[in-house]
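Take a look at the letters that make up each chain.
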Amino acid sequence: MNIARLLTETLENLRRNRAAVMAYMAAVAAMSLVFRIGGFFLGDYSGEDAVPAGVYAVSLVMDLTLASLYAALQAVAFSAMGREIDRPLWKCAGAAEALRRFFLPWFIINLGILALARIQLRAAMLDMPDLVILLELCLMMAYCLAVPIGACIMFYGALEWREMGSILAPIARRFGVVWVVLLINFGQFVVSRAAALSGAPPALEIIPARTLLDAALAMVDCFVFAAIWMVCQIHRNEAPTTDNDDFAC
């Protein structure tokens, strides 16, 4: 299977799973709307040296809540997609089992990205440009790898730290096709960061537009997940003794 066929079949899998995809996009839009409105009323202290202590506490609670909600959503929606794409081999009984098995890895991934963003914001407030640039590179890597890593963990069936080499092997061994998926994720990162750093003053009027953008970017998450899931399938189905690469370009 070449890159063109991978992308074509990924789109077909999205069509087959359109109910899960649309539900994921709608949930992301709803969360984006609520948290962006909350952030607006919390205030913007990015240009100030002194930030009220209460703001830090509220921001921490918001970050933990956002990471938790996203993790729950990704565990449930992506498990439904994975079950349909790899039917009947990959099994997950339902939402409750998906949360039990996959909430924690997605929570760790989401919280890590939010932590990097918060640290970068603090570095910018302290006028540390070198650290800001370094953290921007870290954020880029995290955005590009988050969904692929989460997909590999789900395909494996659980988060097993001692087995991470085997869990992530499809990404490394199939990089000849995975790089295209990472490039799509990089485009998502560029669009997201461009919107965040556009310089537009915080205003309620732009929140609906940002919410629609977040929903569109959520569809990219689903596309990347489905593509990596297919890569994992090929990696699993390949006989250990063969040198054939089903994804060879």
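Residues numbered from 1 in each chain as written. Predicted model: local features only at pLDDT ≥ 70, side-chain atom pairs only at ≥ 80, totals over all residues. Heavy atoms only, no water.

Caption draft 1: Focus on the overall build of the protein chain. Across its full length, the protein chain carries 9 helices and 0 strands. The linear arrangement of helices and strands in the protein chain, starting from the amino end, is α-α-α-α-α-α-α-α-α. For the protein chain, the proportion of its 249 residues judged to be buried stands at 41%. The contacts of the protein chain with a sequence gap of at least 6 include a subset with a gap of at least 24, amounting to 77%. Within the structure as shown, the protein chain displays about 13000 Å² of accessible surface, and the carbon and sulfur contribution to it stands at 68%. (Helix = DSSP H or I, 4+ residues; strand = E, 2+ residues; numbered from the N terminus. Buried < 20%, exposed > 50% of the residue type's maximum accessible area, 1.4 Å probe, protein only. Contact = heavy atoms within 4.5 Å. Areas by Shrake-Rupley, 256 points an atom, 1.4 Å probe, with all protein chains shown as cover.)

Caption draft 2: Spatial organisation of the confidence of the model for the protein chain. Of all residues in the protein chain, 88% attain a pLDDT of 70 or more, and the chain-wide mean is 88. Throughout residues 241-249 the model reports pLDDT below 50, and contacts reaching past four residues in sequence, or to other chains, amount to 18 contacts. (pLDDT = per-residue confidence, 0-100.)

Caption draft 3: Focus on the packing of helix α2 (residues 18-42) against helix α9 (residues 207-237). Between α2 and α9, the shortest axis-to-axis distance is 8 Å and the interhelical angle comes to 145°. α9 is crossed by α2, and the crossing has right-handed handedness. Contact residues: α2 offers V21, Y24, M25, V28, A29, S32, L33, R36, I37 and F40, while α9 offers I207, R210, T211, D214, A215, A218, M219, D221 and C222. Split by residue class, the contact of α2 with α9 holds 13 nonpolar, 2 polar and 4 charged. (Axes fitted to C-alpha atoms, helices over the stretch in contact; angles between N-to-C directions. Left-handed = near helix turned anticlockwise from the far one by under 90°. Nonpolar A, V, L, I, M, F, W, Y, C, P; charged D, E, K, R; others polar.)

Caption draft 4: Spotlight on the packing of helix α1 (residues 3-16) against helix α8 (residues 175-196). Axis separation between α1 and α8 bottoms out at 10 Å; the angle between their running directions is 50°. By the angle between their directions, the pair α1 and α8 is classed as oblique. With respect to the hand of their crossing, α1 and α8 are arranged in right-handed fashion. In contact with I3, L6 and L7 of α1, α8 contributes G176, V177, W179, V180, V181 and I184. Residue composition of the contact of α1 with α8, grouped by class: 8 nonpolar, 1 polar and no charged. (Parallel < 35°, antiparallel > 145°, perpendicular 65-115°, else oblique.)

Caption draft 5: Highlighting the side chain of D86. Looking at the secondary structure, you find D86 in the loop between α3 (53-85) and α4 (95-125). With a relative accessible area of 3%, D86 lands in the buried category. Non-local contacts of D86, meaning those with residues more than four positions away in its chain, are made with F155, W229, Q233 and R236.

Caption draft 6: Just a nonpolar patch on the surface, in detail. A contiguous nonpolar patch, built from L33, I37, F40, F41 and L204 and spanning about 430 Å² of accessible area, is present on the exposed surface. Structurally, the position occupied by F41 is in helix α2. (Patch = residues over 30% accessible without salt bridge, like charges linked within 9 Å, V, L, I, M, F, W, Y side chains within 5 Å. Salt bridge = Lys/Arg side-chain N within 4 Å of Asp/Glu carboxyl O.)

Caption draft 7: A look at the environment of I234. Mapped onto the fold, I234 is located in helix α9. Through-space distance from the C-alpha of I234 to that of R174 is 9.2 Å; in sequence the pair is 60 residues apart.

Caption draft 8: Focus on the state of the cysteines. By the definition in use, this model includes 0 disulfides. Residue C232 stays outside any disulfide, its sulfur separated by 3.8 Å from that of C152, the closest cysteine. (Disulfide = S-S within 2.5 Å.)

Caption draft 9: Structural detail: the environment of I113. Its location among the elements puts I113 in helix α4. C-alpha separation for the pair I113 and C138, spaced 25 residues apart in sequence, amounts to 9.0 Å. If sequence neighbours within four positions are ignored, I113 has contacts with L139, A142, Y143 and A146.

Caption draft 10: Quick look at α4. Along its length, α4 reaches its greatest deviation from straightness, about 50°, at F102, and the proline P105 lies no more than four positions downstream. One or two positions beyond α4, positive phi appears at D127, with a value near 55°. (Bend = angle between axes of the 7 residues up to and from the residue.)

Caption draft 11: Molecular detail of the pattern of salt bridges. A complete count under the given rule lists 11 salt bridges for this structure. A salt bridge links E9 to R5; the shortest N-O distance between them is 2.8 Å. Taken together, the residues E9 and R5, both in helix α1 and 4 residues apart, mark about one turn of the helix. Its relative accessible area of 27% is what places E9 among the partly exposed residues. Residue R101 is joined to E97 by a salt bridge in which the shortest nitrogen-to-oxygen separation is 2.7 Å. Placement of the pair is R101 and E97 together in helix α4, with a separation of 4 residues, close to one helical turn. In the salt-bridge network here, residues are joined through shared partners; they are R16, E84 and R87.

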